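# Survey of secondary and tertiary structure
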Amino acid sequence: ERQQQAAQAAERAAAVAKAVTVGEAWGAYLEARRPRWGERHYSEHLLLVKPGGIASKRAAGGVTAPGILHPLMGLALRDLKPAVIEAWAERETQTRPAAARLAWRCLKAFLSWCAEQPEYAPVLPSVNPAKTKKAREALGKAGVKQDALLKEQLPAWFAAVQQIQNPIAAAYLQVLVLTGARPGEVLGLRWEDVNTKWKGLTIRDKVEGERVIPLTPYVSHLLHSLPRRSDWVFPSTARGKDTEGQTLSIPRAPHTAACAVAGIEGLTLHGLRRSFKSLTEWLEIPAGVVAQIMGHKPSATAEKHYTVRPLDLLRVHHERIEAWILEQAGIVFDAKAEPGKLRAVN
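Structure report, in brief. (Residues numbered from 1 in each chain as written. Predicted model: local features only at pLDDT ≥ 70, side-chain atom pairs only at ≥ 80, totals over all residues. Heavy atoms only, no water.)

Moving on: the pattern of salt bridges. Summed over the entire model, instances satisfying the criterion amount to 11 salt bridges. The partner of Glu 39 in a salt bridge is Arg 34, and the shortest N-O contact between them spans 3.4 Å. We classify Arg 34 as partly exposed; its relative accessible area is 34%. Across the salt bridge formed by Asp 205 and Arg 211, the nearest N and O atoms sit 3.1 Å from each other. There is no split in this pair, since Asp 205 and Arg 211 are both buried. Counted as one network, the salt bridges with shared partners bring together Arg 182, Glu 185, Asp 205 and Arg 211. (Salt bridge = Lys/Arg side-chain N within 4 Å of Asp/Glu carboxyl O. Buried < 20%, exposed > 50% of the residue type's maximum accessible area, 1.4 Å probe, protein only.)

Here it is as structure tokens:
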């Protein structure tokens, strides 16, 4: 009798597994992993499968596009075969190869998790269906980007950026190049993260969860010159109920226009982060100091387990970096004046 009950339970589980869709399993996956993920990582997984079709003035065609993995969500999990994933990879890589590579990695992790769950494992093959040579070749490899500001380009870049009519966007771009932070990390700054007493900036990152870097004099000047309209340091400048309480949209178009004025081609926002690291080579700053400011993982045992740098020690190096960049850019600045009342002169 016990054997018959076990067999019937197994049959019922197999029937349920055959009926489950990729979207249902994806939802269960996100709920199971959410306690171990950051909020941003979780929201990015939601965006991968969003249905789209929502009216938006910013979206091309007036409606939002569906997430890159959305076409797979309606399939039965048992039908997510290698051929289906390979066809998806061939299709998506034609229009958005970088996003397709990221989504493919997320899909592989999802299917590996499903293979470990007793309710989903019966309908999956023994080998992860996303891990095929054909899918990998279709998606290709990411190219190595080399865009960064050169020392001699700093005067033209700063002059062009400071002429941007949106002062919030102009300050945002300058903070990027002076802190080496990721574009999304700077956008996520709240006023509560700006510690004027101890001169520190709390940045939420994807490596340690959060890190504290020095609040250098010129960055402090830029932040104190911004209006405090919301909790965000860089609030949205668009008018309307749908943008109220949101952060500034990443100002790619204003930056591209400023680079055109400065005669600089191909410089991305992430290239500003790369610029910070490259420019520190002129000053022979210890690599571990730069990595800690930028939020990179420690690259050696000594860095990971034996080197402890307090904020004041980071400040010595970071203020030196900022002063040198401003000097090369031709910006005369009194670092000892009171924040909010400082005056920059080209």
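The next point concerns the packing of aromatic side chains. Per the counting criterion, the structure on display carries 10 aromatic pairs. Each ring, one from Tyr 29 and one from Trp 37, has its centre 5.5 Å from the other, and the planes form 80 degrees; the classification is edge-to-face. In this structure, Tyr 29 and Trp 37 share a single accessibility class: buried. Look at Trp 157 and Phe 158: their rings are 5.0 Å apart centre to centre, the planes differ by 85 degrees, and that puts the pair in the edge-to-face class. In this structure Phe 158 comes out as buried when scored by relative accessible area, which is 1%. Three or more aromatic residues link up through ring pairs in this structure, and these residues are Trp 26, Tyr 29, Trp 37, Phe 110, Trp 113 and Tyr 120. (Phe/Tyr/Trp six-rings, centres within 6.5 Å; stacked < 30°, edge-to-face > 60°.)

The next subject is the sheet that holds strand β3 (residues 211-214). Pairing in this open sheet of three strands is antiparallel, and the strands run β1-β2-β3 from one edge to the other. A single partner strand is all that each edge strand has here, and the edge strands are β1 (194-195) and β3. Across four bridges, strand β2 (residues 200-203) lies against β3 in antiparallel orientation. Following the sheet pairing, Ile 203 is matched in β3 by Arg 211. (Pairing = 2+ DSSP bridges. Helix = DSSP H or I, 4+ residues; strand = E, 2+ residues; numbered from the N terminus.)

On to the nonpolar core, then. In terms of nonpolar packing, the biggest core is built from 58 residues, with Trp 157, Phe 158, Leu 173, Leu 223, Phe 234 and Leu 272 touching the most fellow members. Every residue in contact with Trp 157, bar those within four places of it in the chain, is listed here: Leu 149, Leu 173, Gln 174, Val 177, His 255, Cys 259, Ala 262, Ile 264, Leu 267 and Leu 272. Judged by nonpolar contacts, the second largest core, of 35 residues, contains Leu 30, Leu 48, Cys 106 and Tyr 120. (Core = buried A, V, L, I, M, F, W, Y, C linked by side-chain atoms within 4.5 Å. Contact = heavy atoms within 4.5 Å.)

By themselves, these are just geometric observations and shouldn't be taken as functional.
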